[in-house]
Amino acid sequence: QVQLVESGGGLVQPGGSLRLSCAASGSIGNIYLMAWYRQRPGNARELIAAQVTGSSARYADSVKGRFTISRDNSKNTATLHMDNLKVEDTAVYYCKAAVSTTTWGTGFDYWGQGAQVTVSS
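Residues numbered from 1 in each chain as written. Predicted model: local features only at pLDDT ≥ 70, side-chain atom pairs only at ≥ 80, totals over all residues. Heavy atoms only, no water.

### A closer look at the overall build of the protein chain
Here's step 1: Summing up its helical and strand segments, the protein chain has zero helices and 11 strands in all.
Here's step 2: Each helix and strand of the protein chain, placed in order from N terminus to C terminus, yields the pattern β-β-β-β-β-β-β-β-β-β-β.
Here's step 3: Against the globule reference of 14 Å for 121 residues, the protein chain gives a C-alpha radius of gyration of 14 Å, in line with a compact fold.
Here's step 4: Expressed as lengths along the three principal axes of its C-alpha atoms, the size of the protein chain is roughly 45 × 25 × 25 Å.
Here's step 5: Here the protein chain holds 121 residues, and 38% of them are scored as buried.
Here's step 6: Once local pairs closer than 6 in sequence are excluded, the contacts in the protein chain between residues at least 24 apart make up 56%.
Here's step 7: Accessible surface for the protein chain amounts to roughly 6,300 Å². Of this, 48% is attributable to carbon and sulfur atoms.
Here's step 8: Of note, the protein chain has its 11 positive side-chain charges centred 2 Å away from the centre of its 8 negative side-chain charges. (Helix = DSSP H or I, 4+ residues; strand = E, 2+ residues; numbered from the N terminus. Rg over C-alpha atoms; globule rule 2.2 N^0.38 Å. Buried < 20%, exposed > 50% of the residue type's maximum accessible area, 1.4 Å probe, protein only. Contact = heavy atoms within 4.5 Å. Areas by Shrake-Rupley, 256 points an atom, 1.4 Å probe, with all protein chains shown as cover. Lys, Arg positive; Asp, Glu negative; His and termini not counted. Charge placed at Lys NZ, Arg CZ, Asp CG, Glu CD.)

### Looking at the sheet that holds strand 1 (residues 2-8)
Here's step 1: Strand order in the open sheet made by the four strands is 1-3-8-7, with antiparallel pairing throughout. With one partner strand each, in any of the chains shown, strand 1 and strand 7 (67-72) form the two edges of the open sheet. Taking each pair of neighbouring strands and ignoring which way they run, the sheet shows an average axis angle of 15°.
Here's step 2: As paired elements, strand 3 (residues 18-26) and strand 8 (residues 77-82) share six bridges and run antiparallel to each other. Among the inter-strand pairings, Leu-20 is bridged to a residue of strand 8, identified as Leu-80. (Pairing = 2+ DSSP bridges. Axes fitted to C-alpha atoms, helices over the stretch in contact; angles between N-to-C directions.)

### Some thoughts on the state of the cysteines
Here's step 1: Within this structure, the stated rule accounts for one disulfide.
Here's step 2: Between Cys-22 and Cys-95 runs a disulfide, and the two sulfur atoms are separated by 2.1 Å. Between Cys-22 and Cys-95 the disulfide shows an S-S torsion of about 60°. By sign, it is right-handed. Here the residue Cys-22 occupies a position in strand 3, and Cys-95 occupies one in strand 9 (residues 91-100), the gap between them amounting to 73 residues.
Here's step 3: With a relative accessible area of 1%, Cys-95 lands in the buried category. (Disulfide = S-S within 2.5 Å.)

### Things to note about the packing of aromatic side chains
Here's step 1: Within this structure, the stated rule accounts for two aromatic pairs.
Here's step 2: Pairing Tyr-94 with Trp-111 gives two aromatic rings, centres 6.5 Å apart and planes at 80°, and the pair type is edge-to-face. Remark: Trp-111 occurs in strand 10 (residues 108-111) and Tyr-94 occurs in strand 9; sequence separation between them is 17 residues.
Here's step 3: Judged by its relative accessible area of 36%, Trp-111 falls in the partly exposed class.
Here's step 4: A network of ring pairs unites the aromatic residues Tyr-37, Tyr-94 and Trp-111 as a single cluster. (Phe/Tyr/Trp six-rings, centres within 6.5 Å; stacked < 30°, edge-to-face > 60°.)

### A look at the side chain of Lys-96
Here's step 1: If you trace the backbone, Lys-96 turns up in strand 9.
Here's step 2: Under the relative-accessibility criterion, Lys-96 is labelled buried at 11%.
Here's step 3: When residues no more than four places from it in sequence are discounted, the contact partners of Lys-96 are Leu-4, Leu-33, Met-34, Ala-35, Tyr-37, Asp-109, Tyr-110 and Trp-111.

Shown next, in the form of structure tokens:
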């Protein structure tokens, strides 16, 4: 079994910065991808950033240039650095990892519990 635990988030003023962390634990053979989604009030969950292990991260246009993923593969963690936050970034943020319990096995998706980010003056 694999668990993803998120930490961080909170309340910040427009223009501020926050950091979200996601730590994977359990029976991990290989992590193929780690990604961040968000769900804004009244909207569907949307993909905002993703990084296939060993490749460059990709970002949604809405966050490009403001959000950055960093990974520590030795610790099975991913961090979402969020700068120049806007009111419209207010959402619950979820991390997702595609994980195999063996080195080259099939990857399955696992989700974190979600973290609230509120941008307000």
